[in-house]
Amino acid sequence: MRQDQTGNKGNKGSTEDTGNDRAGRVPDPVAPMLAVDGRPPTGAWAYEWKWDGYRCCLRVAADGTVRLTSRNGNDLTPTYPEVGRLAPELLAGRSAVLDGEIVVLGADGGPDFGRLQRRHQRRRPSAALLAEIPVTFFAFDLLLLAGERLLAEPYRRRRDLLAGLPSDPSGRVAVPPYYAGPAADPVELLGIAERHGLEGLVAKRLDSPYQPGRRSRHWVKTPLVRTLEVVVGGWQPGGGRRSGTVGSLLVGAYDEGDRLRYIGHVGSGFSEAVLADLRTRLAGLGRDRPPFDEPVPGERARLAHWVTPTLVGEVAFRAWTREGRLRQPSWRGLRPDRSPGEARLPPTRG
């Protein structure tokens, strides 16, 4: 399959497609269906691994033209060219839309989010970087095939159709398994996920349709690592080994009233390369006043450099403090696949 070279951004909210299989007609992107947090339910449910990567929509025209779109509508086709180099027989000249996750696998076979961060920094990666950090697109849903819209079809049929596609011999596109039936024990599956360094488990109702752009109770995610998407609102300079660069980031998230709440500072989890990249990105975002809709504690505000809240990142943390701050947060990396408004506080913090 050849990749589309227009470089156009996708339409984040689009779910329309004419169903026409004309050569060169790339199907429209579909906004991703999202899961709610909770313990895995039992009964008429299927279970999938929760991958630690970037959610993407893979769109393929009947002539093999490929476009890869991020969750927030950005075109990632040139960033991950190996995903577009699928075996021609994979779809046999049919158009398709697949929902999935871009993942980098580590030496132990588990996802390596840090290496994925390194890879994503290059809009057009070199041949050396492609060889050093290859990615895999894990396809876990099929939303359109040969012009047939599958959004209203139950999860089980969509998954059966997905499993019926020929395998990609390059391994750059893979269909991970799902588990259903009496033998599928979510507690046991969570244990397997933990032992293999996976992010957790996602339960999906077997009869559920695909609901574009909605956070639905038909999908329930159970993460093993407590993480949160945050907006960077400022930074403090470092000392000692970090003199001249970033010491910590001042971060926040939006509440139900769309107010940007300050939730703490993050000073660990940075490599030298990440610090250098952050310093460059923050340099052009300076502003005079803090962007948060509440006061920042004086000891944090005193030496702070404030920035326009456009950078979204992800942190791992242990718990919430009584003051509503992150306890023992660690930086996991930037999330260019998220917009600032998507960094939301959970309904309850505890």
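Residues numbered from 1 in each chain as written. Predicted model: local features only at pLDDT ≥ 70, side-chain atom pairs only at ≥ 80, totals over all residues. Heavy atoms only, no water.

K.L.:
How would you explain the sheet that holds strand E2 (residues 45-50) if you had to name every residue and give the values?
P.N.:
Here five strands make up an open sheet; going across it, the order is E1-E11-E10-E2-E9 and the pairing mixed. The strands lining the two open edges of the sheet, one partner per strand, are strand E1 (34-37) and strand E9 (179-180). Two elements, E2 and strand E10 (residues 200-205), share six bridges in a ladder whose sense is antiparallel. If you follow Trp45 over to E10, its bridge partner there is Arg205. (Pairing = 2+ DSSP bridges. Helix = DSSP H or I, 4+ residues; strand = E, 2+ residues; numbered from the N terminus.)

K.L.:
Lay out the pairing of strand E3 (residues 54-60) with the relevant residues and their values.
P.N.:
Taken across its seven residues, E3 has seven buried, putting it largely inside the fold. Residues Tyr54, Cys56, Leu58 and Val60 of E3 are buried on one face, and the alternating residues Arg55, Cys57 and Arg59, pointing to the opposite face, are buried as well. Sheet topology places E3 next to strand E4 (residues 66-70); five bridges connect them, and they run antiparallel. For Cys57, the partnering residue across the bridge sits in E4 and is Thr69. Counted between consecutive antiparallel strands, the loop separating E3 from E4 contains five residues, among which Gly64 sits at a positive phi close to 95°. (Buried < 20%, exposed > 50% of the residue type's maximum accessible area, 1.4 Å probe, protein only.)

K.L.:
Could you give an account of the pattern of salt bridges, with specific residues and numbers?
P.N.:
As a working rule, side chains carrying opposite charge can pair if their charged atoms are close by. Enumeration over the complete set of coordinates arrives at 25 salt bridges. Across the pair Asp37 and Lys221 runs a salt bridge, and its minimum N-O distance is 3.9 Å. One end of the pair, Asp37, is in strand E1; the other, Lys221, is in strand E11 (residues 215-223), with 184 residues separating them in the sequence. Judged by its relative accessible area of 57%, Asp37 is exposed. A single network of salt bridges, built from pairs that share partners, joins Asp52, Glu229, Glu314, Arg332, Arg335, Asp337 and Arg338. (Salt bridge = Lys/Arg side-chain N within 4 Å of Asp/Glu carboxyl O.)

K.L.:
Tell me about helix H6 (residues 272-283), and name the residues and values.
P.N.:
For H6, with twelve residues, the first-to-last C-alpha span of 17 Å sits near the 16 Å given by 1.5 Å per residue. Those residues of H6 not exposed but buried are Leu275, Asp277, Leu278 and Leu282. End-on, the buried residues of H6 take up no more than an arc of 165°, which puts them together on one face. Exposed positions of H6 whose direction lies more than 90 degrees from the buried face are Glu272, Ala273, Thr280 and Ala283. Looking at the buried positions of H6, the neighbouring elements they touch are strand E12 (227-237), strand E13 (246-254) and strand E19 (330-334). (Expected span 1.5 Å × (residues − 1). Arc of directions from axis to C-beta. Contact = heavy atoms within 4.5 Å.)

K.L.:
Could you give me a rundown of the side chain of Ser248, with the residues and numbers involved?
P.N.:
Assignment of secondary structure puts Ser248 in strand E13. The residues contacting Ser248, other than those within four sequence positions of it, are Trp235, Gln236, His265, Val266 and Gly267.

K.L.:
How would you sum up unusual backbone geometry? Please name residues and give values.
P.N.:
In this model, Asp258 sits at a positive phi of 60°, which is unusual for a non-glycine residue. Residue position: Asp258 is located in the loop between E13 and strand E14 (260-266). In the Ramachandran plot, Gln328 falls in the positive-phi region, its phi being about 50° despite a non-glycine side chain. Relative to the assigned elements, Gln328 resides in the loop between strand E18 (326-327) and E19.

K.L.:
Any chance you could break down the layout of surface pockets for me, citing the residues and the numbers?
P.N.:
Quantified by volume, the largest pocket comes out at close to 1400 Å³. Every residue lining the largest pocket is counted, 44 residues in all, and those nearest its centre are Ala35, Asp37, Arg215, Lys221 and Glu229. Secondary-structure elements contributing two or more residues to the lining of the largest pocket are E1, E2, E10, E11 and E12. Of all the elements, E11 adds the most residues to the lining of the largest pocket, at five residues. Grouping the amino acids of the lining of the largest pocket by side-chain chemistry returns 18 nonpolar, six polar and 20 charged. Here the second largest pocket defines a volume of roughly 800 Å³. In terms of lining residues, the second largest pocket is bounded by 37 residues, among which Gln117, His120, Gln121, Arg281 and Pro336 are the most central. Elements represented by at least two residues in the lining of the second largest pocket include exactly helix H2 (113-120), H6 and E19. Of the residues that constitute the lining of the second largest pocket, the class distribution is 13 nonpolar, 13 polar and eleven charged. (1 Å grid on protein atoms, 1.4 Å probe; cavity = no way out; pocket = protein on both sides within 12 Å on 5 of 7 lines; lining within 4 Å. Points joined across faces, edges and corners; volume = space filled by probe spheres on them. Nonpolar A, V, L, I, M, F, W, Y, C, P; charged D, E, K, R; others polar.)

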